[in-house]
Amino acid sequence: MYLENNTKFDNQLKNFFEDLFPQTGIIEIRPIGEGQQWEGQQWKMGKRRWYHSTIELIRELPQIIEQCRKRNWACFYGVLPRKEKGKAKKADIQPGRVLFSDVDNKDTGGWAQSKKAINSLQIKPSYIVRTGGGYHLYYLLEEEISPQLIEGLNKSLAIKSKGDSTHDCTRILRVPFSYHVKDNANPKLVQIVDGNAHRYSHKEFIDWLQPEECAVNQVHIPIKRRVITDKDLNWFMEKYPDI
């Protein structure tokens, strides 16, 4: 069961969500049934919950996690803040201050290969969460950036980290200290295994990841362009006199 009386776990959970959501916006919690009992069916989704602050969220989250555990349900949350309750499509996502990647063992080949992929990253994640089937990587940012740029950077980050296609801004990921219950007989605790809470400038990731130019342009991040001089024009006219 969730260690709701364990101060260490409570503090980690509190710090994690306060670091991911330092700005205003709605935080979505989404319980989802998974595992053998749902095979051949659409996933069963529990009551979605919406919180205006991390204070509200942390007050109720241990109880929600325990309810999910008893029902063999996983507990997910929207990584980026929503604009209003009940809506979580792309148009409903606010700017955020985190990048993320889902490194899945089934894609890398196993735990050892996933760890190797993470250890090879040039920039160290702010948080690493062991999910039961792999790792979630989080990079905290110093400033808010648009959902479009987050998607572009996440897409490149997935390639660097050997992650899967979880780059979209509407993405939900597993709540730390909830349970991975795809094997209902063997639930696995989702744990924060590393967390330095370091914040990076998003410009570091533009330089490192080199996202698609269209993603950068959508948020009006200036791109350095060469200024054409008179010398350039003279060279061009000499080389192509008939134009």
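Structure shown above.
These figures come from a predicted structure and were not determined experimentally. By convention here, each chain's residues receive numbers from 1 onward along its written sequence. With pLDDT at 70 or above as the cut-off, local features in this predicted model cover only qualifying residues; side-chain atom pairs require 80 or more to be listed or tallied, and sums for whole chains, interfaces and linings still use all residues. With hydrogens and water set aside, each side-chain value is computed from the structure's full complement of heavy atoms.

As a further point, take unusual backbone geometry. Phi angles above zero are rare outside glycine, and N72 is one such case at about 60°. Secondary structure is summarised from DSSP: a helix means a run of H or I of at least four residues, a strand means a run of E of at least two, and numbering begins at the N terminus for each. By secondary structure assignment, the location of N72 is in the loop between helix 2 (54-70) and strand 3 (73-78). Its relative accessible area of 22% is what places N72 among the partly exposed residues. Throughout this description, buried means an accessible area under 20% of the type-specific maximum (1.4 Å probe, protein chains only), exposed means over 50%, and partly exposed covers the range between.

Time to look at the nonpolar core. Residue types Ala, Val, Leu, Ile, Met, Phe, Trp, Tyr and Cys, when buried and joined through side-chain atoms within 4.5 Å, form a set referred to as a nonpolar core. Judged by nonpolar contacts, the single largest core of 59 residues is most densely connected at F17, Y77, Y138 and F205. Here, residues are in contact when the closest pair of their heavy atoms is within 4.5 Å. Beyond its immediate chain neighbours, meaning those up to four positions away, F17 contacts T54, L57, I58, L61, Y77, V175 and P176.

Here helix 5 (residues 147-161) crosses helix 6 (residues 202-209) at 50°, and the two axes come no closer than 10 Å. When the interaxial angle is binned, helix 5 and helix 6 end up oblique. Note that helix 5 runs across helix 6; the crossing there is left-handed. Contacts between helix 5 and helix 6 involve L149, L153, S156, L157 and K160 from the former and H202, F205, I206, W208 and L209 from the latter. Just so you know the grouping, Ala, Val, Leu, Ile, Met, Phe, Trp, Tyr, Cys and Pro go in nonpolar, Asp, Glu, Lys and Arg go in charged, and all remaining residues, Gly too, go in polar. Split by residue class, the contact of helix 5 with helix 6 holds 7 nonpolar, 2 polar and 1 charged. Axis definition: a line fitted to C-alpha atoms, limited for helices to the stretch in contact. Angles are taken between N-to-C directions and run from 0 to 180 degrees. An angle below 35 degrees is read as roughly parallel, one above 145 as roughly antiparallel, one from 65 to 115 as roughly perpendicular, and any other as oblique. Take the far helix as your reference; a near helix turned counterclockwise from it by less than a right angle gives a left-handed crossing, and one turned clockwise gives a right-handed crossing.

Among the secondary structure elements, P81 is positioned in the loop between strand 3 and strand 4 (96-104). Judged by relative accessible area, P81 falls into the buried class, the value being 1%. For P81 and Q23, which are 58 residues apart along the polypeptide, the C-alpha to C-alpha distance reads 8.5 Å. Excluding residues within four positions of it along the chain, P81 makes contact with F21, Q23, T24, G25, I26, D92, I93, Q94, P95 and G96.

Our focus in this paragraph is helix 6. Restricting attention to buried positions, one finds in helix 6 the residues H202, F205, I206, W208 and L209. Looking at the packing, one finds that the buried side of helix 6 touches strand 4, strand 6 (134-145), helix 5 and strand 11 (199-200). Positive backbone phi, approximately 50°, marks Q210, located one or two places after helix 6.

These values are about where atoms sit, not about what they do.
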